[in-house]
Amino acid sequence: MRVLLIVLALLAGAFLPQTQSVPIPERLFPETGWRVRGRLLEYWNSNGALPVFGLPLGPQRTATTPEGRFAAQQFERERLELHPEQNAPYDVQLGRLGDELLRRQGRDWRAEGRGETMAGRCRRFATTEREVCGPFLRYWQAVGLELGDAGVSERESTALFGLPLTAPRYETNSSGDRVLTQWFERARFELHPNNPAAFQVLLGRLGAELVGEQAPLPPLAIQPEPAAVLQGHTLRINAAVAGATAVRGSLGAAPLAFFADSDGGWRALGGVPVLTPVGTLPLRVEADLPDGRTAVQEVGVRVVDARYRAENINLPQAVRDMLVRNKEAIAAERQLVNAIWPQATAERLWSGRFILPAEGRRSSSFGTNRSYNGGPVDSFHEGLDIANAVGTPVVAPARGRVMLAEPDLLVRGGAVILDHGQSVHTGFWHMSAVLVKPGELVEQGQIIGRIGAKGMVTGPHLHWDVRIGMVNVQPDEWLERGWP
Ligand SMILES: [Zn+2]
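Residues numbered from 1 in each chain as written. Predicted model: local features only at pLDDT ≥ 70, side-chain atom pairs only at ≥ 80, totals over all residues. Heavy atoms only, no water.

Draft legend 1. Representation of the overall build of the protein. A tally of helices and strands in the protein yields 10 helices and 35 strands. Against the compact-globule benchmark of 23 Å for 484 residues, the protein has a radius of gyration of 31 Å, which places it well outside the compact range. Overall size of the protein, expressed as C-alpha extent along the three principal axes, is 100 × 50 × 40 Å. The burial tally for the protein puts 51% of its 484 residues in the buried class. Summed over its atoms, the accessible surface of the protein is roughly 22,200 Å², and 52% of this surface lies on carbon and sulfur atoms. Taking the average location of the 51 positive side-chain charges in the protein and that of its 52 negative ones, the two points are 1 Å from each other. (Helix = DSSP H or I, 4+ residues; strand = E, 2+ residues; numbered from the N terminus. Rg over C-alpha atoms; globule rule 2.2 N^0.38 Å. Buried < 20%, exposed > 50% of the residue type's maximum accessible area, 1.4 Å probe, protein only. Areas by Shrake-Rupley, 256 points an atom, 1.4 Å probe, with all protein chains shown as cover. Lys, Arg positive; Asp, Glu negative; His and termini not counted. Charge placed at Lys NZ, Arg CZ, Asp CG, Glu CD.)

Structure (structure tokens):
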């Protein structure tokens, strides 16, 4: 009985043990194609983010400097260095990019003169015998790392920018502007007096100057076909990007598995979950490039109302008691089948259209929205039910490999799952006989079992699932058209 099957599946989901591990936080910056993760991301976020550090310009990697070897990552304005032997916040330190760039230019700041006079209050730094004045001093005092002091303390400003090395003088910056400039151990201040007040002091892109400008990311073109998809239906996603080594993506919350085409493009199949609200579903694709960068693109897929029927099912107390009594076995069975759906093998075993796996009366269609005992609509009929006499042959709808062949599961009875490749699976429940073995390759039309009334059912029928990854899709669509 399909009603019971769905309820059981739902309950089992709720009872699954929570075993997921906490992922290391990671952020991909689509502007430059590099990722920042873990402690460095946390540090970047909590100490000024984009205006202070800029975008990442490379991966986290081992750096060798006069101070030693450590993991480091280059940003537009800073180099963040990991020193795990120190306690936070000193486990992340900033590279002395100002000093390094001056040395690279052959400038000995100690030998330089007094430079320009800047109006306003000044502060003298005895260690380097330099003064910081006016707008530069105001900026230096207003910005710093977060070391836990009230406001911005002197040690917090020093930790971020370091001490002044040069006197202010006019220099031509990387944008070609001639501006009043002062170098610090870890920064270069530039005065832009014509800017709005908040942007008169800008920080030089020392990191970018140190590592050089990067080539722009190659364009990543993604095209969903069709661009508007009915709830519960299948779509194909084509992706094109020069030189990609791997492509992955997601449609809403569901991951997409991409496979290389013979013509150099990449392709994935996806499904729009039945209960997706009408509107736009984000389609995001990431392509790894040979230089370590990742190109990202996001478009919207329009979700169209499939007008599935809705039904409310009243479960008697005895059934609810039975579900609770068997919750562990039900959860174990669901885990068994749910471990199979996400597996994506690259080889596409099917070609053209699927065929109906059994003859008989369609006793329940795909997608019917369901609520239980007057509750919210939170489930739906996941497949197509075909009712017929016990013993009616069940055939493979397409070529595929047997991933599961169980003669008598508690809920699903005689059960088979076929892997057709490229994340497409089909499932067959309630069979009285299972005639294939795990690992076996079956051809389209080959008998894999017989219709039965095993598992939690009220009468003999075949329940047929078509899944792309974890997403159940409308089986009829796979009979009507071939997905190349
Ligand atoms: Zn069913």
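Text resumes after the structure shown.
Draft legend 2. Inspection of the coordination of the zinc ion at higher detail. Those donors, His 381 (NE2), Asp 385 (OD), Asp 385 (OD) and His 463 (ND1), are the protein atoms that reach the zinc ion, and they lie 2.0 to 2.8 Å from it. Coordination geometry of the zinc ion: the four donor atoms subtend angles of 52 to 153° at the metal centre, consistent with an arrangement described as irregular. Between consecutive donor residues of the zinc ion, the sequence gaps follow H-x3-D-x77-H. Note that His 381 is positioned in the loop between strand S25 (379–380) and strand S26 (384–387) and His 463 in strand S34 (residues 461–468), a separation of 82 residues in sequence. Of the residues examined, His 463 reaches a relative accessible area of 1% and is grouped as buried. (Donors = N, O, S within 2.8 Å, 3.2 Å for Na, K, Ca; no water. Tetrahedral: all angles 85-135°; square planar, octahedral: opposite > 155°, others 65-115°.)

Draft legend 3. View of the state of the cysteines. Summed over the entire model, instances satisfying the criterion amount to one disulfide. Two residues, Cys 122 and Cys 133, share a disulfide whose sulfurs are 2.1 Å apart. Residues Cys 122 and Cys 133 are joined through a disulfide that is right-handed, its torsion about the S-S bond being 110°. With a gap of 11 residues between them, Cys 122 in strand S7 (residues 122–125) and Cys 133 in strand S8 (residues 130–133) connect regions that are remote in the sequence. Residue Cys 122 is classed as partly exposed on the basis of its relative accessible area of 32%. (Disulfide = S-S within 2.5 Å.)

Draft legend 4. Representation of the domain arrangement of the protein. For the protein, the assigned domains are domain 1 (2–18 + 308–480), domain 2 (34–215) and domain 3 (221–304). Distance from the C-alpha centre of domain 1 to the C-alpha centre of domain 3: 26 Å. With 23 residues of domain 1 at the interface, the matching set in domain 3 holds 15 residues. Across the interface of domain 1 and domain 3, roughly 1,400 Å² is buried in total on both sides, 66% from carbon and sulfur atoms. Considering only the side of domain 1, the residues that lose the most area to domain 3 are Tyr 308, Gln 422 and Val 471, jointly responsible for 34% of the buried surface there. Our enumeration of links across domain 1 and domain 3 arrives at zero salt bridges. Run the count over domain 1 and domain 3 and you get six residue pairs in polar contact (both at pLDDT 80 or more). When residues of the side of domain 1 that touches domain 3 are traced back to their parent elements, those giving at least two are S25, strand S35 (471–473) and helix H10 (475–480). When residues of the side of domain 1 that touches domain 3 are assigned to their parent elements, the largest contribution, three residues, is made by S35. Considering only residue class, the side of domain 1 that touches domain 3 consists of 12 nonpolar, eight polar and three charged. (Domains from an automatic or database assignment. Contact = heavy atoms within 4.5 Å. Buried area = accessible area lost by both parts, 1.4 Å probe. Salt bridge = Lys/Arg side-chain N within 4 Å of Asp/Glu carboxyl O. Polar contact = N/O pair within 3.5 Å; in protein donor to acceptor, adjacent residues only side chain to side chain. Nonpolar A, V, L, I, M, F, W, Y, C, P; charged D, E, K, R; others polar.)

Draft legend 5. Up close: the pairing of strand S22 (residues 310–313). Covered by surrounding structure in S22 are Glu 311 and Ile 313 only, the residues Ala 310 and Asn 312 on the alternate face being uncovered. Relative to strand S24 (residues 369–372), S22 runs parallel, the two being bridged by four bridges. Note that in S24 the partner of Asn 312 across the bridge is Ser 371. (Pairing = 2+ DSSP bridges.)

Draft legend 6. Focus on the packing of aromatic side chains. Following the criterion strictly, the structure yields 14 aromatic pairs and no others. Aromatic pair Tyr 308 and Phe 366: ring centres 6.0 Å apart, planes at 80°, arrangement edge-to-face. One end of the pair, Tyr 308, is in the loop between strand S21 (294–304) and S22; the other, Phe 366, is in the loop between strand S23 (361–364) and S24, with 58 residues separating them in the sequence. Phe 366 shares its class with Tyr 308; the two are buried. Taken together, Phe 136, Tyr 139, Phe 161, Phe 184 and Phe 189 form an aromatic cluster joined through their ring pairs. The ring of Phe 125 carries Arg 123 above its face, with NZ or CZ at 4.0 Å from the centroid. It is Arg 412 that lies over the ring of Trp 429; its NZ or CZ is 5.5 Å from the centre. (Phe/Tyr/Trp six-rings, centres within 6.5 Å; stacked < 30°, edge-to-face > 60°. Lys NZ or Arg CZ within 6 Å of the ring centre and 35° of its normal.)

Draft legend 7. Spatial organisation of the sheet that holds strand S12 (residues 201–203). If you walk across this open sheet you meet the four strands as S9-S10-S11-S12, and the pairing is antiparallel. The sheet is open, and its two borders are formed by strand S9 (169–172) and S12, each paired with just one other strand. Across the sheet, the mean angle separating the axes of adjacent strands is 45° when strand polarity is ignored. (Axes fitted to C-alpha atoms, helices over the stretch in contact; angles between N-to-C directions.)

Draft legend 8. Structural view of the packing of helix H5 (residues 134–142) against helix H6 (residues 154–161). Axis separation between H5 and H6 bottoms out at 8 Å; the angle between their running directions is 105°. In terms of their interaxial angle, H5 and H6 are classed as roughly perpendicular. Of the residues in H6, those in contact with Tyr 139, Trp 140 and Gln 141 of H5 are Glu 154, Ser 157, Thr 158 and Phe 161. Split by residue class, the contact of H5 with H6 holds three nonpolar, three polar and one charged. (Parallel < 35°, antiparallel > 145°, perpendicular 65-115°, else oblique.)

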